[in-house]
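Working through the structure, step by step
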Amino acid sequence: MVAYIARRVAYLIPTWIGITLLAFFLVRLAPGDAAHSYFVRVHDRQPNQAELASTRARLGLDRPLPIQYLDWLGGAVRGDLGTSYYSGREVTDELVSRFPATLQLATAATLITLVIAIPLGVVAAIRRNSLLDHLLRVAALLGASVPAFWLALLLIIVFSVELQWLPALGRDGLQHLVLPALALALGEAAVVARLMRSSLLEVLGEDYIMTARAKGVPERRVVIRHALRNSLGAVVTEVGMVFAILLAYSAVIEIIFVWPGIGRLAVEAIGQRDYTMLQGFVVFSGTVFVLVSLVVDLVYLWLDPRVALAQGRGVR
Amino acid sequence: MRTSHTLRTGITTLSLLLVFVASCMRGQPDGRGGTQPAPPEEQEHVVGAGADRYTSGGGSDQGTIGLYPLNINIFEGLVRMDAQYNVLPSLATSWEFLPPNTWRFELRRGVRFHDGQRFDAEAVKHTFNLVAEGGGGTPGLGEDSTEIIDDYTIEVTPMFENRRLPQQLVHPNYFIVAPGTEPNDDPVGTGPFKFVSYRPQEEIVVARNDDYWGELPTLRRITFRFIPNDNGRRLALEAREVDMALDIPPDAVGELEARGFTVEVGEPGAYEAIYLNKSGRSGYTILTDERVRHAIGYAIDREALVEGVFEGYAAREQTMVPSRLLGEAAGRIEGYEHDPAQAEALLEEAGWMPGPDGIRQKGGEPLRLELIAGFPSAEEHGAVPEFLQDQLRRVGIDVEIIRTPDTASYEARLDRFAGDLWLEQGSQNDANPAFLPALLFWSIGLFGNIGYQPVFAPKGRFDEVIARAVATPDEEELKELTAEALHILIDQEAIVIPLAGVVTVNVLDQNVEGFEAAPSGLHNRYDTVYIAE
């Protein structure tokens, strides 16, 4: 098991370097010129060639790309992701100061997802093919199909504009968290509910469940005590991925709800050709994603030590 | 397919149902309003502004927090500009031109910065030296440009011959910062409001400067919330989370008005226009024919553009710079009537005859033009490209629309001469009418070649006229010469086809009074705003 963990951790290094390479070079493949955008914004007019060249030099964009990359990578290893071309602020500081907002949103959305999805999935499974199951299936399909931005706008119109029950924008307290977390969670809840249903149905078809029923164990006890616990394994494993997905999806919701997280920072950086901020975002969120995956793997290992054994034997 | 259809139907039904329920619950405007200010404790105001575009600067560039592009009245310049583009005294009480190239400013006495420092000539020199370190800006301020004559008199000699210094100094980039302060941490100016706090991309807060040298504002505190999304600003207003929303898209205005909000529209501070590539380079040769260029001018129905695309929130101006900036001289520019018959006659005279698909042809080649939209951004033009495509097709011109992702890509195409029609929205952010024509179309350029001149510069008489406009110290002559230059550019050469004067639309809660939108949002003032009872 120790060897498995060590190997799993060692994989992080090439993965992380791959992320930095992608972050650096993909951003530069995008059309546009950060130096030009910077000059127009600061000076409120278009630059001539000499001014553009001097701005490029000042931003360090006149050096060969490999040198720029190595320079940036050296800083990134030390936790210094450079200075934003747009705001002039430190990228690491910006990301670190905004990450708690995104984390809060993604965590709340994950909790809402579970609170909605697990009961719905269970009810759908034990009332299989009933009207309730069909209704839940339609609801799940709707939830998975409705774009988050549409749902977000609808929630604002109903609960903020018309009813004025909840604030629409910003992050000043828990009440500000409700609508963005709901908008983010509902789609994912639909997916997890479907997973919960199918996982529970699979377990309910196992021999030991039949045995329990044959022994006269009450159905409620069969479901809750025997089937649910075992079917939750797949859902719990999925939670890590759901969390990572919600982190990524939060950008759209952060824009709509003016939520000061890193997703919004990244979207605005794209529009501003803020290379350093975008690179920083990709590396930062990539690192978070990789670490979450590692934690999920380790939790899975803890739940089922056969994983390490299988990996050690080269079994996929 | 059936599932998809059912799903769409379901979603549509659900949304209609929810909107119906919401509309049933909709409250009526609360009928507030009036002209008396509410008690002082209620004079707190929240403004929904666009994206946070402040920069902390770096290197030789100054930070712009509180200053530009969202000017929240912390800082002031030597001069300011009113809605008529008149240059008015501010921290300078008077100024005069001293030939050959010096401007003398008498400074206002008794003014203090928010930190208690005295405002004097040293402060002006400090700020102008910062501008010089950043390249000198539009006025061309150099390290040795500013000379202190006495505590309240300075002389400024730009690095190049510059007759427009006072008109340029109205721009917030040249507003005066307190010596020894750090604008990024604690912006300190002399303005009617003092800096309180700043959370990047969230909000910036100011409070009334009780020691202000001018008339005291009524508002005690203003919070500017950054809401980049147009729809977000609108919803924030409807949810009463902001009292005023800046720069609301015209298509949202009607409903907001119906719900009791007040609409405040500025005079045109920008223009929408097409620039025509007549260089004939890189295979883009069609517009070398002056008749085709003029035909495009006649083919466009500006009335329909203003009403249909801008929902009435635009001006039927054809001057490229706001007409009020040119005064009576604006009449020199004729522009184009909507006259499709004239357009078609010109095209036929140029040899472009109707083809079987309605698109004109000459020598078997279709009359097809590329329209590039990308400055200041493709989104800024809304549906204007499609409108133009439709209008030009009616006279037999096929238009392909190309939207560039940013200004740099736009100008990279410009460097390659790759496009026929270039759709632009230019802003008039200072009081110098000759700035944009000279910057973009003068063959030697105000700041050299910025990429526009090889594609668009008409040269010849235009160059002579604009050079005289730039050089004259006389204001009236400046207006007349600029108008003459625009007449050449628009009416004679048809290199610029103006479409409309662009206005900013701001929407206020009913109880917000005293706000007057400036033509250019950079010059909005909040010291006259108050919350009415």
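What counts as what
- Here the residue numbering is sequential within each chain, running from 1 through the sequence in written order.
- Chain letters and ligand numbers both follow the written order, the letters beginning at A and the numbers at 1.
- In keeping with the predicted nature of the model, local features appear solely for residues at pLDDT of at least 70, side-chain atom pairs appear and are counted solely at 80 or more, and the whole-chain, interface and lining totals rest on all residues.
- Here a helix means four or more residues in a row that DSSP labels H or I, a strand means two or more in a row labelled E, and each is numbered from the N terminus.
- With the radius of gyration taken over C-alpha atoms, the globule rule is written as 2.2 Å times the number of residues to the power 0.38.
- Residues are called buried when their C-beta atom has 20 or more other C-beta atoms within 10 Å, exposed when it has 12 or fewer, and partly exposed otherwise; all C-beta atoms are positioned from the backbone.
- Here contacts are defined at the residue level, using C-beta atoms placed from the backbone and a cut-off of 7 Å between them.
- Note on residue classes: Ala, Val, Leu, Ile, Met, Phe, Trp, Tyr, Cys and Pro are nonpolar, Asp, Glu, Lys and Arg are charged, and everything else, Gly too, is polar.
- A helix's residues, less one, multiplied by 1.5 Å, set its expected span.
- To get the bend at a given residue, fit one axis to the seven residues ending there, fit another to the seven starting there, and take the angle between those axes.
- At least two bridges found by DSSP between two strands is the condition for calling them paired.

**Some thoughts on the overall build of chain B**
Looking only at helices and strands, chain B features 15 helices and 24 strands. A compact globule built from 533 residues should have a C-alpha radius of gyration of about 24 Å, and chain B, at 25 Å, falls within 12% of that. Counting over 533 residues, chain B shows a buried share of 51%. Intrachain contacts of chain B at a sequence separation of at least 6 include 70% that bridge at least 24 residues.

**Thoughts on the interface of chain B and chain A**
How big an interface is tends to be reported as the loss of accessible area on association of its parts. Listed as interface residues are 48 residues of chain B and, on the opposing side, 45 residues of chain A. Those elements that place two or more of their residues in the side of chain B that touches chain A are helix H1 (2–25), helix H4 (230–238) and helix H11 (407–415) of chain B. With seven residues, H1 of chain B is the largest single contributor of residues to the side of chain B that touches chain A. Of the residues belonging to the side of chain B that touches chain A, the class tally is 18 nonpolar, 20 polar and 10 charged.

**Notes on helix H8 (residues 148–162) of chain A**
Spanning 15 residues, H8 of chain A covers 20 Å between terminal C-alpha atoms, matching the ideal 21 Å at 1.5 Å per step. The axis of H8 of chain A is deflected most strongly, by about 25°, at Ile156 of chain A.

**What to know about the environment of Val258 of chain A**
Mapped onto the elements of the fold, Val258 of chain A is located in the loop between helix H11 (219–256) and helix H12 (262–271). Along the primary structure Val258 of chain A and Val235 of chain A are separated by 23 residues, whereas in three dimensions their C-alpha atoms are 31 Å apart. Non-local contacts of Val258 of chain A, meaning those with residues more than four positions away in its chain, are made with Leu169 and Gly170 of chain A together with Ile227 and Gly232 of chain B.

**Some details on the sheet that holds strand S11 (residues 244–245) of chain B**
Two modes of strand pairing occur in sheets, parallel and antiparallel, and in both the strands are linked by backbone hydrogen bonds. All names here are of chain B. As summarised here, the arrangement of the seven strands in space is S8-S9-S10-S1-S11-S22-S12, forming an open sheet in which the pairing is mixed. Only two strands of the sheet have a single partner each, and these edge strands are strand S8 (193–199) and strand S12 (262–265). As defined by bridge partners, S8 adjoins strand S9 (residues 203–208) across six bridges and the pair is classed as antiparallel. When the sheet's bridge partners are listed, Ser197 is paired in S9 with Val205.

**Side note on unusual backbone geometry**
For residues besides glycine, phi is generally negative; the peptide bonds are generally trans as well. Here the residue pair Tyr68 of chain B and Pro69 of chain B is connected by a cis peptide bond, since its omega of 0° sits within 30 degrees of zero. By secondary structure assignment, the location of Pro69 of chain B is in the loop between strand S1 (44–49) and strand S2 (79–81). Cis geometry is adopted by the peptide bond preceding Pro100 of chain B, which originates at Pro99 of chain B and carries an omega value of 10°. By the element assignment, Pro100 of chain B lies in the loop between strand S4 (92–98) and strand S5 (102–107). One non-glycine residue with positive phi stands out, namely Asn129 of chain A, at about 65°. If you trace the backbone, Asn129 of chain A turns up in the loop between helix H6 (91–126) and helix H7 (131–145). Under the C-beta neighbour-count criterion, Asn129 of chain A is labelled exposed, with 9 such atoms within 10 Å. Positive phi, normally seen in glycine, also occurs at Phe417 of chain B, with a value near 60°. Secondary-structure assignment places Phe417 of chain B in the loop between H11 and strand S20 (421–427).

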